[in-house]
Amino acid sequence: MNTTTRRSALARGAATAAALALPVLPRFARAAEFTYKYGNNLPPTHPMNIAAKKAADRIKEETKGRLEIQIFPSSQLGADTDMMSQVRNGALEFYTQSGLVLANIVPVAGINGIGFAFKDYDVLWSAMDGDLGALVRTEIEKVGLVPMKRIWDNGFRQITSGAKPINSPADLNGFKIRVPVSPIWVSLFKAFGASPTSMNFSEVYTALQTKIVDGQENPLTLLESAKLYEVQKFCSLTNHMWDGFWFVANRRAWDRLPADVRDIAARNLDAAALEQRAMLRDQAKTVRSKLEGFGMVFNSPDSGPFREVLKQRGFYAEWKDKFGSQAWAVLEKYSGKLG
Ligand code: X2X
């Protein structure tokens, strides 16, 4: 990016951030005792940012202005892996991050990304709000981060392409696909015979536009809010994995907050996670037809052959070994026998 573009991008970013951080109630116009930054990689219009903004307003109100959370969407503070370093060293106080990317430092946080593990949202939420999520949160705490209880929904992921629909695993042979920076994503698409490239989300739109990669995979709500339909034509409903965002705080920043402020923050953030999940559920009813309206063409491949390939190429055996049989047993309580 040249200096001018970068400067105007920063200015735009600052304007959005300022708009998101506008105090709702003028009586809290005085400076907050704690002003914390919350960074994420999603567009401001994504339900995650809408629900987080509501939570931030409520937290400010209930703490009588003591804690102000300023939201920085769209990777304004840095790409995914940069923000991950910032929240660990305290430069960033709050961050939402895919469990699979967090798996770079907390391996078990990637466990929900095992291919085709959850058949629907009912099973998924009982796992993530139950002992599977608890297991992950315990490990997140060990790296100096404080996870909120509820994971936020990104969604079941679907493969998009500029040139051709994906109907069967054979269509993925040699397919150049962008995946997030995460070992499990690379492993999954290698098992399918594709050629995955790890990339932070902030680079995806341009990579697709300039055809550095042929495709990518993400949930429909994100295709819409990040306008990926402008640079992708086909969407294949593979539902190959579910992905969600852990809302984490830097441990020292969290501990600096008085106990009552912490309680208010945790309660409102977890309530917002539930609201965000509901917003995505509502959007699911209309998002496909919206994307079709923008010219995307959908197909629904049979998942059977994809799962078979993963089995045959030892994907499940490899990850069972990596996660360990104890964590794997918790996963299989929800997924049924894998591999
Ligand atoms: O990078 C992605 O594809 C995204 C936005 O879905 C995640 O953060 C994992």
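Read on for a plain summary of the structure. For clarity, every value in this text was computed on a predicted model and none was experimentally measured.

**Quick notes on the sheet that holds strand β6 (residues 158-161)**
Logical step 1: The six strands are arranged β8-β7-β9-β6-β10-β12 in an open sheet whose pairing can be described as mixed. Looking at the sheet topology across the chains shown, the edges are occupied by β8 (195-198) and β12 (297-299). Looking at each pair of strands side by side, their axes are set apart by 30° on average, direction ignored.
Logical step 2: By the bridge criterion, four bridges tie β6 to strand β9 (residues 215-218) in an arrangement that is antiparallel. What sits directly across from Thr 160, in β9, is Gln 216.

**Thoughts on the pattern of salt bridges**
Logical step 1: Within this structure, the stated rule accounts for 20 salt bridges.
Logical step 2: Residue Lys 37 pairs with Glu 93 through a salt bridge whose shortest N-O separation is 3.7 Å. With a gap of 56 residues between them, Lys 37 in strand β1 (residues 34-39) and Glu 93 in the loop between α3 (80-89) and β3 (94-98) connect regions that are remote in the sequence.
Logical step 3: With relative accessibility at 9%, the residue Glu 93 sits in the buried group.
Logical step 4: The shortest N-O distance in the salt bridge between Arg 58 and Glu 275 comes to 2.9 Å. Of the two residues, Arg 58 sits in helix α2 (residues 47-62) while Glu 275 sits in helix α11 (residues 259-283), which places them 217 residues apart along the sequence.

**Here we look at the nonpolar core**
Logical step 1: Grouped together as the largest cluster of nonpolar side chains are 59 residues, with contacts concentrated most on Ile 114 and Phe 118.
Logical step 2: Of the residues forming this core, the biggest block, six residues, is contributed by helix α7 (residues 183-191).
Logical step 3: Discounting chain neighbours no more than four positions away, the residues touching Ile 114 are Ile 184, His 240, Met 241, Phe 315, Tyr 316, Trp 319, Phe 323, Trp 328, Leu 331 and Leu 338.
Logical step 4: Judged by nonpolar contacts, the second largest core, of 48 residues, contains Met 148, Leu 228, Cys 235 and Ala 253.

**Notes on the layout of surface pockets**
Logical step 1: Taken as a whole, the second largest pocket encloses approximately 360 Å³ of empty space.
Logical step 2: Those elements giving two or more residues to the lining of the second largest pocket turn out to be α5 (121-128), β5 (152-156), α9 (220-225) and α11.
Logical step 3: If one sorts the elements of the lining of the second largest pocket by residue count, β5 sits on top with four residues.
Logical step 4: Among the residues forming the lining of the second largest pocket, the class breakdown is nine nonpolar, five polar and four charged.

**Section: the packing of aromatic side chains**
Logical step 1: Throughout the structure, instances matching the rule amount to 15 aromatic pairs.
Logical step 2: Plain terms: the ring middles of Phe 315 and Trp 319 are 6.5 Å apart, the flat faces sit at 45° to each other, and that makes the pair tilted. Here Trp 319 and Phe 315 lie together in helix α14 (residues 315-323), a separation of four residues that amounts to about one turn.
Logical step 3: Phe 315 gets classed as buried once you look at its relative accessible area, which sits at 1%.
Logical step 4: The exposure class assigned to Trp 319 is buried, which follows from its relative accessible area of 7%.
Logical step 5: One aromatic cluster in this structure is built from Phe 34, Tyr 36, Tyr 38, Phe 94, Trp 152, Phe 247 and Trp 254.
Logical step 6: One Lys or Arg, Arg 277, reaches over the ring of Trp 125 and ends 3.7 Å from the middle of that ring.
Logical step 7: Across the ring face of Trp 319, the terminal group of Lys 322 is positioned such that the distance to the ring centre comes to 4.5 Å.

**Points about empty space enclosed by the protein**
Logical step 1: The final tally for this structure, using the stated rule, is two cavities of 30 Å³ or more.
Logical step 2: If you add up the space inside the largest cavity, you get close to 150 Å³.
Logical step 3: Contributing elements (two or more residues each) for the lining of the largest cavity: β3 and β11 (242-250).
Logical step 4: Of all the elements, β3 adds the most residues to the lining of the largest cavity, at four residues.
Logical step 5: Of the residues contributing to the lining of the largest cavity, the split by class is eight nonpolar, six polar and four charged.

**Overview of the pairing of β9**
Logical step 1: Of the two faces of β9, the one lined by Gly 215 and Glu 217 and the one lined by Gln 216 and Asn 218 are each fully buried.
Logical step 2: Relative to β9, strand β7 (residues 176-179) is paired through two bridges, and the arrangement is parallel. Paired with Ile 177 across the bridge in β9 is Gly 215.

**Observations regarding the site of the ligand**
Logical step 1: Around the ligand sit 13 residues in total, of which Asn 41, Asn 154, Arg 157, Arg 178 and Asn 218 are the nearest.
Logical step 2: Arg 178 is positioned such that a nitrogen or oxygen atom in its side chain is 2.7 Å from an oxygen atom of the ligand.
Logical step 3: Interatomic distance of 2.6 Å between a side-chain N/O atom of Asn 218 and an oxygen atom of the ligand.
Logical step 4: Protein contacts shield 98% of the accessible area of the ligand, which totals 270 Å² for the unbound molecule.
Logical step 5: A molecule is said to occupy a pocket when more than half its atoms come within 2 Å of that pocket's grid points, and by this definition the ligand occupies the largest cavity.

**Some details on the side chain of Asp 270**
Logical step 1: With respect to the helices and strands, the residue Asp 270 is situated in helix α11.
Logical step 2: No salt bridge forms around the buried Asp 270; measuring N to O, its nearest opposite-charge neighbour Arg 150 is 5.4 Å away.

Cut-offs applied
Residues numbered from 1 in each chain as written. Predicted model: local features only at pLDDT ≥ 70, side-chain atom pairs only at ≥ 80, totals over all residues. Heavy atoms only, no water. Pairing = 2+ DSSP bridges. Helix = DSSP H or I, 4+ residues; strand = E, 2+ residues; numbered from the N terminus. Axes fitted to C-alpha atoms, helices over the stretch in contact; angles between N-to-C directions. Salt bridge = Lys/Arg side-chain N within 4 Å of Asp/Glu carboxyl O. Buried < 20%, exposed > 50% of the residue type's maximum accessible area, 1.4 Å probe, protein only. Core = buried A, V, L, I, M, F, W, Y, C linked by side-chain atoms within 4.5 Å. Contact = heavy atoms within 4.5 Å. 1 Å grid on protein atoms, 1.4 Å probe; cavity = no way out; pocket = protein on both sides within 12 Å on 5 of 7 lines; lining within 4 Å. Points joined across faces, edges and corners; volume = space filled by probe spheres on them. Nonpolar A, V, L, I, M, F, W, Y, C, P; charged D, E, K, R; others polar. Phe/Tyr/Trp six-rings, centres within 6.5 Å; stacked < 30°, edge-to-face > 60°. Lys NZ or Arg CZ within 6 Å of the ring centre and 35° of its normal. Near = heavy atom within 4 Å. Polar contact = N/O pair within 3.5 Å; in protein donor to acceptor, adjacent residues only side chain to side chain. Areas by Shrake-Rupley, 256 points an atom, 1.4 Å probe, with all protein chains shown as cover. Sits in = over half its atoms within 2 Å of the grid points. Lys, Arg positive; Asp, Glu negative; His and termini not counted.

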